[in-house]
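Close look at the chain arrangement
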Amino acid sequence: MSVPNGGSAAAPDILLRADNLTIRFGGLVAVQKFSLSVPAGQIVGLIGPNGAGKTTVFNLITGVYTPNEGKVYLGRDELTGCGAHVISRAGVARTFQNIRLFAGLNVLENVTAALSWQRRGTSLTSLFAMPKTVQFEHGLHERALEVLKFVGLSDYADWEATSLPYGLQRKLEIARALMTQSKVLLLDEPAAGMNPTEKDELAGLVREIVARFGLGVLLIEHDMKFVMNLCSQITVLDHGEVICVGTPAEVQRDPKVIEAYLGADVEAGGEDNSQGERV
Amino acid sequence: MFDLIQYIVDGLAVGSVYALIALGYSMVFGVLQLVNFAHGELFMVGAYFVMYAISLGLPWPMALALGMTFVGLFAVIMERLCYKPLRGAGKLAPLITAVGLSLLLQNLVQAILGPNPQSYPAQLPDSSVTNWLTAAVKGSGEVVLPQLPEGLFDWGDLVIRHRDLLIFLVAVGVTVGLELFLRKSRPGRGIRALALQPNAARLVGVPFDFTISLTFFIGAALAVVAGLLQGMADNQVTPFMGISSGLKAFAAAVLGGIGVIPGALVGGLVLGIAERLLVGYDLSTYKDGAAFFILILVLLLRPQGLLGKARMVKV
Amino acid sequence: MEQLIEYSILPLMLFGITAIQALGLQLILGGAGLLSLGHAAFYAVGGYSAAAFTVYAAPALGITQPFVMMLLSLGVGAISAMLAGLLVAVPCLRLQGDYLAMATLGFAEILGTALKNIEAVGGTRGFTGIPKLSSLLWVFVVLALVWWMLHRFRRTGLGMAIQATRDDEIAARSLGINTYSSKLSAFVIGSAIAGLAGALYVHALQFISPDEADFSRSVIIVLAVVIGGMTSLFGSVLGALILVAVPEVLRFAPEAIREQRMIYFALIVIFVMLFSPKGLQSLIVRLLPKRKSSARAAAAGGKS
């Protein structure tokens, strides 16, 4: 499907576009005038020191928060202020920095749950096991198995999701997001807590996702090597504002970026967790 | 017209008791976002405790102080044993546990003391322990039962009983005192900090477990005050007073704005007045439904309550 | 022998009816993670409506065939309870926190108050003169049907969406699941099932009183679901069995023990929540020969 051209909303190959997003919590401006675009088939990085507001940007794009100002577009459709589930259905999928799997479901069910809303028919047909429902379930099941195979989790289909090793849990989150057949995939620190081999494997997987499905990927990651290798374009965030946009090489040379990182603690793993439950 | 004013005035006393119980619900919910379903039972246990202590011959202030301490500590232990292990286990587990605790306390009291209402002075079971206790406490002196004042302010059409006025003043006094404690004292500010931003409060050194225990202690102690007042006002204490008044008090807390201290008072008074009006206008069969009707109405129209501010949900 | 059968029919029916109620609540509590403290109210709504149907509407419509009457009254019971569930859930599920529990409780109290004041259905005296249409067979057929439906329902799209919503609302929404309508569906279906139980009850005992909407009745159902193990359908049925059987067994025990069964139940609930959230069914499952789980354990061993 080609994105129709014309109109100022988006250039032809731009899938996701955030335009001047701002959000304030009480008096605190968490993100200010944030803009970014993710083209189809490309991996865009979003980096910045801890507490810069990267996850908040994800929450703004995916509808967990509604921005005070600014807009979010997918192709030519405006998604600002839509509910999180509406934005997901429109084609924006994500993973979470602090893994959020469905603890009561097994690995396969975690993936099938992702398309459960597409069910045909009503609550009643689900209850009485009507042929249509059964057929739909079969389709869903097949697809989920395929996705699991693609990320390499086939052998774990009937495991309890939360009993998987950490690295595999992150992969399962990616599988779940892929199942939604989104156009854009937002990955929030997918390599966190992985060893170098696992990281290489993950990078391969992300590349394959882009190559095979033509998705646009937006990636938050603290591992600079990982980001620099994978991304074609990088946006750097500090104190809620964009301080630099460019290719990996450009970003690495930028004095503002260097200062932001030297002034902050680069090595600390994970963001400061003082706000209670975080997305 | 004068009927109406009279009913409102009468309703204030009933509402004051609800308010005192509602304060406990409100504080605990503010700090832990937990509906401590067993809170009403603390009120009931408190009412019994104080009644027995007085009937043993203790002067009422001492009985009240003992009751507040005992039930307060009981609430603290209950929190440590049953709620604390469930922190972080979601909202459902502590809520179900609270329902179980409520059921347990109600049935325990019923099993030990019997399902029938007791009135002052309570008949103590005849055993060597109680005999010894009675002897130790009162010696040879007479038991002096506390009395609520019996007089009236009589303005012809409008009559205010001294006891109603006293109960109302106690409720207002306690609410003001509690609000001052929460604003001015160090542990009180700790409770407020915990309610506003649990993790930030921890970071700046608010002792987490202690503050939660303190919240439970204060809530339970206030419920004991309510238990003494209601026990004396009705001259009757039953194992079921906790569940009925407790649920109404919860409705009062939500009505006023759960987590807001003056809200509990306002909610309790409004509810008491509403109930008294229904009785006054011959609709007493609807009286017990009134609290819940108001509760659902508030949840629909103004979920944050009369005095509450809409809170931003933390994600 | 005949006497024994006679004597055991009523407890068996009560077990079946309680089990149906518990299965309905299991979907709400274990499936969707919502606490309804007014489940008995939906049961009473179903019971009263079904009774009103057979007493007033059916004769007017010229329906006399007992089988048809019972079947239709089941439908009436389920639909009326479903509508009542909708009425309570639509506003309350939009709210955060434990308000649903309190709102359902409030609804139950209001309903009880209202029923006491409606003379057409007997007021405080209760609704009498209901024809005996239900039987042990009806109860167990409905129980089996409900159990089978809910068992299947777990795997359907909606069933999956409900469980995902329970486990993590934010993640569920990020995958396109409308968490509000998931919760609403669970609540409404659970209420409808309670209505079925109500219809069976009134046509078995030929009587229902406003006490059936009482908070203490709702608590019994919560106890059944939690004690049995709220994550499984089997657990709810087991819980219902325990709740109905214990008083029957204790009939022969000394009064001091019999009278205190609520204390034991309360203690078990607290114990289950603190130490064994999967309830008593997990004990039984552990005792059964483990085919599936040991195979899985072996597979796990091979992989890790």
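Residues numbered from 1 in each chain as written. Chains lettered and ligands numbered in written order. Predicted model: local features only at pLDDT ≥ 70, side-chain atom pairs only at ≥ 80, totals over all residues.

Turning our attention to the overall build of chain B. Counting secondary structure elements, chain B contains 12 helices and two strands. Order of helices (α) and strands (β) in chain B, N terminus to C terminus: α-α-α-α-α-β-β-α-α-α-α-α-α-α. When burial is assessed residue by residue, chain B has 49% of its 315 residues classed as buried. Within chain B, counting contacts between residues at least 6 apart in sequence, those at least 24 apart form 77% of the total. (Helix = DSSP H or I, 4+ residues; strand = E, 2+ residues; numbered from the N terminus. Buried ≥ 20, exposed ≤ 12 C-beta atoms within 10 Å, placed from the backbone. Contact = placed C-beta atoms within 7 Å.)

Our focus in this paragraph is the overall build of chain A. Within chain A, the secondary structure is distributed over 10 helices and 10 strands. Long-range pairs, those at least 24 residues apart, make up 68% of the contacts in chain A with a sequence separation of at least 6.

Listed as interface residues are 35 residues of chain A and, on the opposing side, 28 residues of chain C. Listed by contribution, the elements that provide at least two residues to the side of chain A that touches chain C are α2 (84-90), α3 (107-112), α4 (123-127) and α5 (131-151) of chain A. Within the side of chain A that touches chain C, the residues separate by chemical class into 15 nonpolar, 11 polar and nine charged. (Nonpolar A, V, L, I, M, F, W, Y, C, P; charged D, E, K, R; others polar.)

Our next topic: the packing of helix α2 (residues 39-61) of chain C against helix α4 (residues 99-116) of chain C. Residue and element names in this part refer to chain C. Two elements in contact, α2 and α4, have axes separated by 9 Å at closest approach and are oriented at 35°. The hand of the α2/α4 crossing is left-handed. Each of Ala 40, Ala 41, Ala 44, Val 45 and Tyr 48 in α2 lies in contact with α4, whose residues at this interface are Phe 107, Ala 108, Leu 111 and Leu 115. Per-class residue counts for the contact of α2 with α4 are nine nonpolar, no polar and no charged. (Axes fitted to C-alpha atoms, helices over the stretch in contact; angles between N-to-C directions. Left-handed = near helix turned anticlockwise from the far one by under 90°.)

Once that is clear, we can look at helix α1 (residues 54-61) of chain A. All names here are of chain A. The buried fraction of α1 is high, at eight of eight residues. Taken together, the buried positions of α1 are Lys 54, Thr 55, Thr 56, Val 57, Phe 58, Asn 59, Leu 60 and Ile 61. The positive-phi residue at the C-terminal boundary of α1 is Gly 63, with phi of around 85°.

Right, let's get into the nonpolar core. Residues Leu 219 of chain A, Ala 251 and Leu 295 of chain B together with Leu 196 of chain C are the most contacted members of the largest nonpolar core, which totals 293 residues. Top contributing element to this core by residue count: helix α1 (residues 2-32) of chain B, with 16 residues. Ignoring sequence-local partners within four residues, the contact set of Leu 295 of chain B consists of Ala 251, Val 254 and Leu 255 of chain B together with Met 102, Ala 103 and Gly 106 of chain C. (Core = buried A, V, L, I, M, F, W, Y, C linked by C-beta atoms within 7 Å.)

It is a general feature of regular strands that their side chains alternate between the two faces of the sheet. Residues and elements named next belong to chain B. Both strand β1 (residues 152-155) and strand β2 (residues 158-161) contribute to a ladder of four bridges, which runs antiparallel. Bridge pairing links Leu 152 to Arg 161 in β2. Here β1 hands over to β2 after two residues, with Gly 156 in that stretch at a positive phi of 75°. (Pairing = 2+ DSSP bridges.)

All names here are of chain A. In space, the six strands of this open sheet follow the order β6-β7-β8-β3-β9-β10, with mixed pairing throughout. With partners counted over all chains shown, the strands left at the sheet margins are β6 (92-94) and β10 (241-246), one partner each. In this sheet, neighbouring strand axes are inclined to one another by 20° on average, regardless of whether the strands run parallel or antiparallel. The pairing of strand β9 (residues 233-238) with β10 spans five bridges and is antiparallel. Directly across from Val 236, in β10, lies its bridge partner Cys 244. Helix α10 (residues 255-262) rests against β9 and β10 of the sheet, and its axis sits at about 130° to β10.

Among the 11 residues of helix α6 (residues 157-167) of chain C, 11 are classified as buried, and the element is accordingly described as predominantly covered. Where α6 of chain C is concerned, the buried positions are Gly 157, Leu 158, Gly 159, Met 160, Ala 161, Ile 162, Gln 163, Ala 164, Thr 165, Arg 166 and Asp 167 of chain C.

Residues and elements named next belong to chain B. For chain B, the average pLDDT comes to 84, and 89% of its residues sit at 70 or higher. Per-element confidence in chain B is highest for helix α3 (residues 60-83), whose mean pLDDT is 93, and lowest for helix α5 (residues 128-138), whose mean pLDDT is 67. The ipTM value of the predicted complex is 0.84, and its pTM value is 0.86. (pLDDT = per-residue confidence, 0-100.)

Let us look at the sheet that holds strand β2 (residues 28-39) of chain A. Residue and element names in this part refer to chain A. The four strands lie next to each other as β2-β1-β4-β5, forming an open sheet whose pairing is antiparallel. Since the sheet does not close on itself, it has two edges, and those belong to β2 and β5 (77-78), each with one partner. The sheet contact formed by strand β1 (residues 14-25) and strand β4 (residues 69-74) spans five bridges and is antiparallel. When the sheet's bridge partners are listed, Thr 22 is paired in β4 with Glu 69. The sheet contacts of α1 involve β1, β2 and β4, and relative to β2 the element is tilted by about 70°.

All names here are of chain C. At a minimum axis distance of 7 Å, the contact between α2 and helix α8 (residues 179-205) shows a crossing angle of 50°. Our classification of the angle between α2 and α8 gives oblique. Of the two possible hands of crossing, α2 and α8 adopt the one that is right-handed. Along the contact surface, α2 presents His 39, Phe 42, Tyr 43, Ala 44, Val 45, Gly 46, Gly 47, Ala 50, Ala 51 and Thr 54, while α8 presents Ser 191, Ala 194, Gly 195, Leu 196, Ala 197, Gly 198, Ala 199, Tyr 201, Val 202 and His 203. Per-class residue counts for the contact of α2 with α8 are 12 nonpolar, eight polar and no charged. (Parallel < 35°, antiparallel > 145°, perpendicular 65-115°, else oblique.)

Turning to the environment of Ala 81 of chain C, a few remarks are in order. All names here are of chain C. Following the sequence through the fold, Ala 81 ends up in helix α3 (residues 66-92). Separated by 37 residues in sequence, Ala 81 and Ala 44 place their C-alpha atoms 8.2 Å apart. When near neighbours in sequence (up to four residues on either side) are disregarded, Ala 81 contacts Phe 42, Val 45, Gly 46, Ser 191, Ala 192, Ala 194, Gly 195 and Gly 198.

Let us look at the pairing of β1 of chain A. Residue and element names in this part refer to chain A. Sheet topology note: the β1/β2 ladder contains eight bridges and is antiparallel. Residue pairing across strands places Arg 24 opposite Val 29, the latter belonging to β2. Linking two consecutive strands that pair antiparallel, namely β1 and β2, is a turn of two residues; a positive phi of about 60° is found at Gly 26 within it.

Residue and element names in this part refer to chain A. Confidence in the prediction of chain A, expressed as mean pLDDT, is 84, and 85% of residues score 70 or more. Every residue in residues 1-12 scores below 50 in pLDDT, and together they form 12 contacts with partners more than four places removed in sequence or on other chains. Note that residues 265-278 has pLDDT below 50 and, in this model, 22 contacts with residues that lie over four places away or in other chains.

Most peptide bonds adopt trans geometry, and most residues besides glycine take a negative phi value. At Asn 20 of chain A, a residue that is not glycine, the phi angle is positive and equals roughly 55°. With 12 C-beta atoms packed within 10 Å, Asn 20 of chain A lands in the exposed category. At Gln 206 of chain C, a position not held by glycine, the phi torsion is positive, near 55°. Relative to the helices and strands, Gln 206 of chain C is located in the loop between α8 and α9 (215-228). Looking at Gln 206 of chain C, the number of C-beta atoms within 10 Å reads 16, which means it is partly exposed.

In this section: the environment of Phe 53 of chain C. All names here are of chain C. Mapped onto the fold, Phe 53 is located in helix α2. Of the residues examined, Phe 53 has 22 C-beta atoms within 10 Å and is grouped as buried. Leaving out residues up to four positions away in the same chain, Phe 53 has contacts with Ala 58, Leu 72, Ser 73 and Val 76.

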